[in-house]
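Architecture and fold: a report
This is what each chain is made of:
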Amino acid sequence: MRQFTAVVNPTAGGSTGAAALLRVARTLREAGAELETEYSRSLVHAQELARSAGERGRVVLAVGGDGIAGGIGGALSGTGSVLGLVPAGRGNDFARALGLPTDPDELARVLLLNEPRPVDTIEVESAVHHRTVVLGSVYAGVDALANRHANSARLLRGAASYYAGGLRAVTTWRPADYRVTVDGQEHAHRGYTVVAANSGYYGSGRLIAPDARVDDGLLDVVMIREAPRRLFFAMMNELETGAHVSRPEVRILRGREIRIEADREVPYGADGEVEAVLPVTARVLPGALNVLCTTTRD
């Protein structure tokens with residue numbers, strides 16, 4: 001029977017994480033699994049707790065949103081340890097990409113019975129991050145600014161906070177001139193954003209890269225060109241289904257290493273962490289993390 005260590009950030013989302021874990025924990029324990037809970041003081045502390053549990057051969061459960069999932073998943077990347085997710089954040093985008101059920105009993109069955117599957121992770125290098133590893137995507141532009149606004153929202157939660165943040169960001173955004181280097185080949189781009197996507201989802205369920213797979217050894221590079229604001233608002237709505245990719249303003253490339261630079265200080269985000277500016281390099285690490293999931297198809 002599996003042994004689990006759940007890592008919870010008690011300050012993130014109030015008591016949401018603890019409540020989500022309680023519902024799953026009941027089923028795990030009834031099935032005979034051992035579960036210990038660790039409360040982290042910070043993301044760095046959560047990563048330390050996760051590495052320690054993984055070294056003891058325990059399955060590490062990241063309890064929270066994409067920030068703690070990416071932080072813990074990054075810490076376990078390349079170690080051979082097994083990660084499980086208990087989604088309890090605003091976005092839960094990587095959990096969505098893995099096809100994890102929202103019902104606590106169904107999620108517990110996945111954690112108990114499914115075999116670990118290898119998925120890709122993203123190594124991120126910049127002046128701020130030096131070298132870190134995340135799971136979902138690296139995005140540079142208006143979406144990073146929108147994410148920053150969403151993170152500071154007090155009254156709105158989930159998709160509503162991202163949408164409101166997006167509206168606020170777009171009204172003040174002016175197109176940036178980017179230089180995007182994909183596996184050594186440079187591409188000039190002027191527009192709203194560049195996204196290096198491992199998972200197809202970001203921004204609380206927005207399908208930015210519909211064909212991205214978390215297990216194909218590649219990152220999908222989505223570039224949205226300069227366009228009238230009204231058209232960009234239309235594309236924001238199309239992100240719910242992925243229909244935006246058929247527009248001529250959207251260009252998609254694929255590669256293993258992506259370098260993103262710009263002509264000014266453009267913010268970028270990585271799994272919800274957005275306190276950084278370009279340039280940044282994103283590099284795929286194929287099959288570097290073992291996860292408990294239902295599917296690896298985005």
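Residues numbered from 1 in each chain as written. Predicted model: local features only at pLDDT ≥ 70, side-chain atom pairs only at ≥ 80, totals over all residues. Heavy atoms only, no water.

1. Some remarks on helix α1 (residues 16–30)
- Over its 15 residues, α1 extends 22 Å from the first C-alpha to the last, a length consistent with the 21 Å expected when each residue adds 1.5 Å.
- Its maximal kink placed at Val-24, α1 deviates by approximately 25°.
- Here α1 has its buried residues at Gly-17, Ala-20, Leu-21, Val-24, Ala-25, Thr-27 and Leu-28.
- In this structure, the buried side of α1 is in contact with β1 (3–8), β2 (34–39), β3 (59–64), β4 (82–87) and α5 (104–113). (Helix = DSSP H or I, 4+ residues; strand = E, 2+ residues; numbered from the N terminus. Expected span 1.5 Å × (residues − 1). Bend = angle between axes of the 7 residues up to and from the residue. Buried < 20%, exposed > 50% of the residue type's maximum accessible area, 1.4 Å probe, protein only. Contact = heavy atoms within 4.5 Å.)

2. Re the environment of Val-8
- Mapped onto the elements, Val-8 comes out in strand β1.
- Counting along the chain gives 60 residues from Val-8 to Ile-68, while the straight-line C-alpha distance between them is 8.5 Å.

3. A word on the packing of aromatic side chains
- Per the counting criterion, the structure on display carries two aromatic pairs.
- Geometrically, the ring pair formed by Tyr-139 and Tyr-202 is edge-to-face, given 5.4 Å between the ring centres and 80° between the ring planes. One end of the pair, Tyr-139, is in strand β7 (residues 137–141); the other, Tyr-202, is in strand β10 (residues 201–202), and 63 residues separate them in sequence.
- Consider the rings of Tyr-192 and Phe-232, whose centres lie 4.0 Å apart with planes at 20°: the pair is stacked. Here the residue Tyr-192 occupies a position in strand β9 (residues 185–197), and Phe-232 occupies one in helix α8 (residues 229–238), the gap between them amounting to 40 residues. Summarising the burial analysis for this pair, Tyr-192 and Phe-232 share the class buried.
- Geometry around Tyr-201 places Arg-96 over its ring, the cationic atom sitting 5.8 Å from the centre.
- In this arrangement the basic side chain of Arg-264 is found over the ring face of Trp-173, its NZ or CZ atom lying 4.8 Å from the centre. (Phe/Tyr/Trp six-rings, centres within 6.5 Å; stacked < 30°, edge-to-face > 60°. Lys NZ or Arg CZ within 6 Å of the ring centre and 35° of its normal.)

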